[in-house]
Every structure is written in structure tokens, then in C-alpha cells.
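Spelled out from the first residue to the last, the chains are:
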Amino acid sequence: MRGLALRRTWPFALWLIALALVPWWLGLPLLLGIAAALPMHVERLHAWQGRLRLALRWGLPGVAFALGHGFAEAALGWTVGAVAALAGFTLLAGLETWLDRHRRAARAAVPPPVPAEWPERVQAPPPAGSGIIELEPPTWQVVDADSIVLPAGLGSGSLRYVSTAGFAGFRFDDGRGVAAPPGRCAIEPGGGWLAVEIPPGVLLWEARDGRVYRLHRRQLCGWHAGRPWLQSGPGEMPVPLDEALRREPGD
């Protein structure tokens, strides 16, 4: 996000510097031309209105600096430049207010939502997800040479960790395997998921389709309705797997 904001602002920063270096009698007509183009209802300029506004906002300090620098007496020059900047931003605020008049009118035309009557509120069903969710904490087990017995959801058999030339991970009796580094594992009580600790994150394997999810910044907090819930650290609000996957790339 910071890199995107920098890419968007550096052209306007160069624009400010350019107007500050050229004589004010060259930069001022450019700003006046942009200000005159904004109220015109020219279809090809509609897509550029946002950039033209930014050009005015960034260019005005540059012209004010050039104006103050153009006087022989420094005190008088900077006084005139400050007054010009104040007057310019006041006029710019008035121009933008006038340009946004249609948006304010459209927002005012939208009627506010009518509150439901008291009986309708009482009889209305609660919003989805408003109930209390109780998570079943995971039971972590160490799998090494000794295998662990699988729950009924994963079929009869056991789970052990194997390390061979072509595979290193957890192996089931039926031949299915999950490639993972050695570590503690936890099985969802219904047998639908296998979780493996890979600090500082967790690896999740879904027994239904064999999909593997690697979360590098979240730990397994518990199970609910046959699904894993995760949190980014102690004391943080747990979220379901889908929400954790959406947040993971932006952390």
C-alpha cells in the first residue's frame, strides 16, 4: 500500500517542484487554465477530474513559493507568497465545493432507512453469525516412531511420520500422505482435518479432497462445526479458515 501511494504521488511532487522553480508568471497561467477547465462539461475531461484537482492542490504551493521568491526583499516576498497561498486555497476550496454540489444533492435525495416497528424487530430472526461460538481446543500429539490411532472420520488405522528418499511427512495406513516437516499434529474430532505445527504458522490438510493450506502467520486455535479456526497470536480474535486465508497475504 505504501509503494502504491508513492507511485501515485511522485508525479505531483515533481509538478510542485517544477512550478516552484519556474517564474510565477509562467506557473500561474497553468493553474488558472486547469481551474478554468474543471467546470467545463467536456466528456473527455471527466476521467481526468481527480488528477486535475490534485494538480491544483499540489501546484498552488509551488506557485506561491515562486511568487515569494521573485521579490527582491525577502520579507515582502514571503509575505506576499503566504497571502497568495491562503487566498488560493480558499478559492480552491470554494471551487471544489461547487464541483461537488451534485454529489451532495444526490446524497440528500436518498431517504434514510425507515426503522422497523417494534413487533417486527422482536419477530425478526437474528443475523447470521450472531450466536456464541464455542471452539473445541486442538489436542496436539507428537508423532515419531510411535503411531497414533485415527478417529472414525479418517477410517480405521493409524498415522505415523516417515522420512524416505522421496517423501518426508505424515503417512496413513491407506497410503495417503501429507508432506510436512516433523512436528506436533492435531486431528479434528470428526476426522476431517489434520493440522501440523510449522512455527510460526500451521499446515492444514483437508481429508475430503486432500487440499493443503499453509498459513505462515497464524496458529490453530480450535475446531467448530468441523472447520478449523485460527488466530494470529494470543489474545487475538479467532477467525475461520476462509477469513484467515483472505488476511494472510496482506499481513
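Summary of the structure given here. On a predicted model such as this, the values are computed, not experimentally measured, just so you know.

## A few points about the packing of aromatic side chains
Here is step 1 of the chain: Across all of its chains, the model carries three aromatic pairs by this definition.
Here is step 2 of the chain: For the pair tyrosine 161 and phenylalanine 170, a centre-to-centre distance of 5.1 Å together with 80° between the ring planes defines the contact as edge-to-face. Across this residue pair, the class does not change: tyrosine 161 and phenylalanine 170 are buried.
Here is step 3 of the chain: Over the ring of phenylalanine 167 we find arginine 171, and its NZ or CZ is 4.2 Å from the ring centre.
Here is step 4 of the chain: Its end group placed over the ring of phenylalanine 172, arginine 176 keeps NZ or CZ at 5.4 Å from the ring centre.

## Quick look at the packing of helix α2 (residues 24–37) against helix α3 (residues 49–69)
Two numbers describe a pair of packed helices, the interaxial angle and the distance between the axes.
Here is step 1 of the chain: In contact at an axis separation of 9 Å, α2 and α3 are set at 155° when each is read in the N-to-C sense. Between α2 and α3, the crossing angle belongs to the class labelled roughly antiparallel. For the crossing formed where α2 meets α3, the hand is left-handed. Every residue of α3 that contacts α2 at Trp24, Gly27, Leu28, Leu31, Ile34 and Ala35 is listed here: Leu52, Ala55, Leu56, Gly59, Leu60, Val63, Ala66 and Leu67.
Here is step 2 of the chain: The class makeup of the residues in the contact of α2 with α3 is 12 nonpolar, two polar and no charged.

## Considering the nonpolar core
Here is step 1 of the chain: Core analysis: the largest hydrophobic core is formed by 17 residues, its most contacted members being Leu159, Phe170, Phe172, Cys185, Leu194 and Val196.
Here is step 2 of the chain: Mapped onto this core, the elements with two or more residues apiece are β3 (158–163), β4 (168–172), β6 (184–187), β7 (193–198) and β8 (201–206).
Here is step 3 of the chain: In terms of residue count, the dominant contributor to this core is β7 (three residues).

## Comments concerning a nonpolar patch on the surface
Here is step 1 of the chain: Among the surface-exposed residues, Val22, Trp24, Trp25, Leu26, Leu28 and Leu32 lie close enough to one another that they form a single nonpolar patch of about 560 Å² accessible area.
Here is step 2 of the chain: Its relative accessible area of 32% is what places valine 22 among the partly exposed residues.

## A few points about the sheet that holds strand β11 (residues 227–231)
Here is step 1 of the chain: The strand order across the open sheet formed by three strands is β10-β11-β12, and the pairing between neighbours is antiparallel. A single partner strand is all that each edge strand has here, and the edge strands are β10 (219–224) and β12 (239–240).
Here is step 2 of the chain: Examined bridge by bridge, β10 and β11 share five bridges and lie antiparallel to one another. Across the sheet, residue glutamine 219 finds its bridge partner in β11, namely glutamine 231.

Rules used in this analysis
Residues numbered from 1 in each chain as written. Predicted model: local features only at pLDDT ≥ 70, side-chain atom pairs only at ≥ 80, totals over all residues. Heavy atoms only, no water. Phe/Tyr/Trp six-rings, centres within 6.5 Å; stacked < 30°, edge-to-face > 60°. Buried < 20%, exposed > 50% of the residue type's maximum accessible area, 1.4 Å probe, protein only. Lys NZ or Arg CZ within 6 Å of the ring centre and 35° of its normal. Axes fitted to C-alpha atoms, helices over the stretch in contact; angles between N-to-C directions. Helix = DSSP H or I, 4+ residues; strand = E, 2+ residues; numbered from the N terminus. Parallel < 35°, antiparallel > 145°, perpendicular 65-115°, else oblique. Left-handed = near helix turned anticlockwise from the far one by under 90°. Contact = heavy atoms within 4.5 Å. Nonpolar A, V, L, I, M, F, W, Y, C, P; charged D, E, K, R; others polar. Core = buried A, V, L, I, M, F, W, Y, C linked by side-chain atoms within 4.5 Å. Patch = residues over 30% accessible without salt bridge, like charges linked within 9 Å, V, L, I, M, F, W, Y side chains within 5 Å. Areas by Shrake-Rupley, 256 points an atom, 1.4 Å probe, with all protein chains shown as cover. Salt bridge = Lys/Arg side-chain N within 4 Å of Asp/Glu carboxyl O. Pairing = 2+ DSSP bridges.

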